[in-house]
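Single-letter residue listing:
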Amino acid sequence: QAKVDQATAQLLSVQAILEKITILAPFDCIVSLVEPTLGETITANTIAFTVMTAQQYKIEVFVPESNIAKVSVGNSAQVTLDAYGKDVPFTAVVSRIDPAETIVEGIPTYKVTLFIAADPRIRSGMTADINIVTAEKRNVLSIPTRAIIEKDGNVFVRKVDGENYTEVPVTLGLRGSNGNTELVSGLQSGDVVVT
């Protein structure tokens, strides 16, 4: 029994040493970079290995304060990568918005983190263009945003009447990123406005 106890103690000692020299990732991943060479000693708080998940990629983007109020966790986003061009879109989801600002070129911005599903075409470090969908409506009447005039707290457009135009008050809805704005009331489909 004494020999069994001694062997058990030795086994536990070796297992403790092995646990100290074994590096385990907190998730299933791929080792993408190894800094130290075999036999090299590294100091604490030194990045020795870089890993990345095989399940999804993280995208970080800085959104200016003028647009951050529209963005919410859970919003979907269309992502295009410079490597593949605008005709190959990927879908991502907003997962986090930093509560504190980051100053970028003198402008307060907020870091937004999105996740995109893994795809064999995606590589770490690629440059992405992101359009976050904050609201969506279909089958609405819209007009070019540049046709909208705001004056003295009123919103109107100039509707063409033959050779002249008249100023018509309008009610607006969503403002799109494509240069158009939803028209709730004030005009009908087919009306011509001055831009």
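Starting afresh in each chain, residues are numbered from 1 along the sequence in its written order. At least 70 in pLDDT is required for a residue's local features to be given in this predicted model, at least 80 for side-chain atom pairs to be given and counted, and no such filter applies to totals for whole chains, interfaces and linings, which use all residues. Working from all heavy atoms in the structure, the side-chain values ignore hydrogens and water.

Chemist: Help me understand the nonpolar core, please; the structure alone is not making it clear to me.
Modeler: Generally speaking, a soluble globular protein has its nonpolar side chains buried in company with each other. Formed by 16 residues in total, the largest nonpolar core has its most connected members in V79, L114 and I116. By definition, any uninterrupted DSSP run of H or I lasting at least four residues is a helix, any uninterrupted run of E lasting at least two residues is a strand, and each is numbered from the N terminus. Looking at this core, the elements with two or more residues in it are β3 (56-64), β4 (76-81), β5 (89-97) and β7 (107-117). The dominant element in this core, judged by the number of residues it contributes, is β7, at four residues. Definition of nonpolar core: a set of buried residues of the types Ala, Val, Leu, Ile, Met, Phe, Trp, Tyr and Cys, connected through side-chain atoms within 4.5 Å. Each residue's exposure class comes from its accessible area (1.4 Å probe, protein chains only) as a fraction of the maximum for that residue type: buried when under 20%, exposed when over 50%, partly exposed otherwise. By size, the runner-up hydrophobic cluster in this structure holds nine residues, among which are V168, L183, L187 and V193.

Chemist: For this particular structure, what's the right way to read the pairing of strand β12 (residues 164-169)?
Modeler: In the case of a regular strand, side chains alternate between the two sheet surfaces. When DSSP finds two or more bridges between two strands, those strands count as paired. With six bridges connecting them, strand β11 (residues 154-161) and β12 associate as antiparallel partners. Note that in β12 the partner of K159 across the bridge is T166. Where β11 hands over to β12, the hairpin turn is made up of two residues, of which G162 adopts a positive phi near 65°.

Chemist: Sorry if this is basic, but what is going on with the sheet that holds strand β14 (residues 180-185) here?
Modeler: The strands making up a sheet associate through backbone hydrogen bonding, with each pair oriented either parallel or antiparallel. Spatially, the three strands line up as an open sheet ordered β9-β14-β13, and their pairing is antiparallel. Looking along the sheet, the strands with just one partner apiece sit at the ends: β9 (142-144) and β13 (171-175). Averaged over all pairs of adjacent strands, the angle between strand axes in this sheet comes to 40°, irrespective of strand direction. Of the strand pairs in this sheet, β13 and β14 are connected by three bridges, and their pairing is antiparallel. The residue of β14 that forms the bridge with R175 is T181. Each axis is a line fitted through C-alpha atoms, and for a helix only the stretch in contact is used; angles between axes span 0 to 180 degrees, taken between their N-to-C directions.

Keep in mind these numbers describe shape, not what the thing actually does.
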